[in-house]
Amino acid sequence: MFTVRRLALLSFSATLALGLVACSSEGSSDDGTSTSESATAESALVVYSGRGEELVDPLIERIGGGIEVDYSGNTNAQAAKILEEGDATPADVFYGQDAGALGALDEAGALAPLPEDILSLVPEQYRGADGTWVATSARARVLAYNSDSVQAGDLPTGIDGLLDPRWRGQIGYAPTNASFQAFVTALRVQRGEDGARTWLEAFVANEPVAFEGNGPLLTAVNDGQVSAGLTNHYYWYPFKEENGDDAPVELHYFEPGDPGALINVAGAGVLAASDNQEAAFDFVRELLSTESQTYFANETAEYPVIDGVTSDYDLPPLSELGSTDLDLGQLSSLEATQTLLTDVGII
């Protein structure tokens, strides 16, 4: 059994309902939500998805087998719903955009241990420490910048450089997006509560420009409304395909180990309350199949997490990015992050 304890956090409902509408689909990304379902009520397996419908449905169609997908909230809201429903939840699988929500469900005892054959497919740093969830794809935090107005050599090596007055009013961000909030959680883990608050207060004082999602943010960078914006790498690739190579938006990676260089994951876990766990385990196996991983690599420009799958996109190797010493399970303290963001006036 699991209880609604830590993620009284995620049912921080006013914030989730009003603010966290940003894990949705912009094309094949996670910057919007949908209330539609992909199958009928008699489906054998119920998946609560915090990923966008346009992204997930092609996978569901390939997997087949009678699967009902609930897209009625973003990653954080879906995790909140699971905890509010408790042992009565109809969900068999949670498929989320962010390691923080997975870690929070794990801490609440809501996830079942995964079989070893599933865990062994994924590198240790991209799965739950106690084996209750696995990554299904990975993404890097980046700074997208307008190459017409900014020289690559003038970009900062880390997030502290964004506090320089030269960037006043010129940095875009998507504060309600789960990935931005995961970045703030990583900042809290790495620098402590006081250090994170100090950085955020200085960031706000430098008048960053908030956007409702990463798609509008990239458009603003492209149009010169802002000089640069904090986002995930995989939004950029379809944006460039749609707008052409002449679009003046390029990616800048912060130095490994900097909080702004976070490598985060989408992932899945099976609900401890599920009466259909074997089918749920099979669904997670399918997300880690070569076919599904190739889909992530080539259709959404995310990083595959199993060996032997490469991308048609020219993605920098994960081994050259971010920091592998951050336990992604530590991103579970969402409530504290949202409280801090509210205190400093960001959400």
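Residues numbered from 1 in each chain as written. Predicted model: local features only at pLDDT ≥ 70, side-chain atom pairs only at ≥ 80, totals over all residues. Heavy atoms only, no water.

Chemist: Explanation requested: the packing of aromatic side chains in the structure shown.
Modeler: Where two aromatic rings form a pair, the distance of their centres and the angle of their planes describe that pair. In total, this model carries 9 aromatic pairs according to the counting rule given. Centre to centre, the rings of W199 and F203 are 4.8 Å apart; their planes meet at 15 degrees, and the pair counts as stacked. Placement of the pair is W199 and F203 together in helix α6 (residues 178-205), with a separation of 4 residues, close to one helical turn. With relative accessibility at 2%, the residue W199 sits in the buried group. (Phe/Tyr/Trp six-rings, centres within 6.5 Å; stacked < 30°, edge-to-face > 60°. Helix = DSSP H or I, 4+ residues; strand = E, 2+ residues; numbered from the N terminus. Buried < 20%, exposed > 50% of the residue type's maximum accessible area, 1.4 Å probe, protein only.)

Chemist: I keep staring at helix α10 (residues 290-299) and nothing clicks. Help me out?
Modeler: An α-helical segment advances 3.6 residues per turn. Residues three or four places apart therefore align on the same side. For α10, the full list of buried residues reads S292, Q293, Y295, F296, A297 and N298. On its buried face, α10 is in contact with α2 (53-63), β3 (93-96), β4 (134-146) and α9 (277-287). One or two positions beyond α10, positive phi appears at A301, with a value near 65 degrees. (Contact = heavy atoms within 4.5 Å.)

Chemist: When you look at unusual backbone geometry in this model, what are you seeing that I'm missing?
Modeler: It is generally the case that most residues other than glycine have a negative phi and that most peptide bonds are trans. Backbone geometry places E207, a non-glycine residue, at a positive phi of 60 degrees. Inspection of the secondary structure puts E207 in the loop between α6 and β6 (209-210). Phi is positive for A301, close to 65 degrees, though the residue is something other than glycine. Secondary-structure assignment places A301 in the loop between α10 and α11 (334-343).

Chemist: What is the right way to look at the pairing of strand β1 (residues 45-49) in this model?
Modeler: Looking down a regular strand, the side chains alternate between one sheet face and the other. Burial within β1 is extensive, with 5 of its 5 residues counted as buried. Side chains of β1 alternate between two faces, with L45, V47 and S49 and V46 and Y48 buried alike. Bridge count between β1 and strand β2 (residues 67-70): 4 bridges; the pairing is parallel. Following the sheet pairing, V47 is matched in β2 by V69. Viewed along the sheet, the connection from β1 through α2 into β2 turns out right-handed. Here β1 pairs with β3 via 3 bridges, running parallel. Following the sheet pairing, V47 is matched in β3 by V93. (Pairing = 2+ DSSP bridges. Right-handed = clockwise from strand over helix to strand, strands pointing away.)

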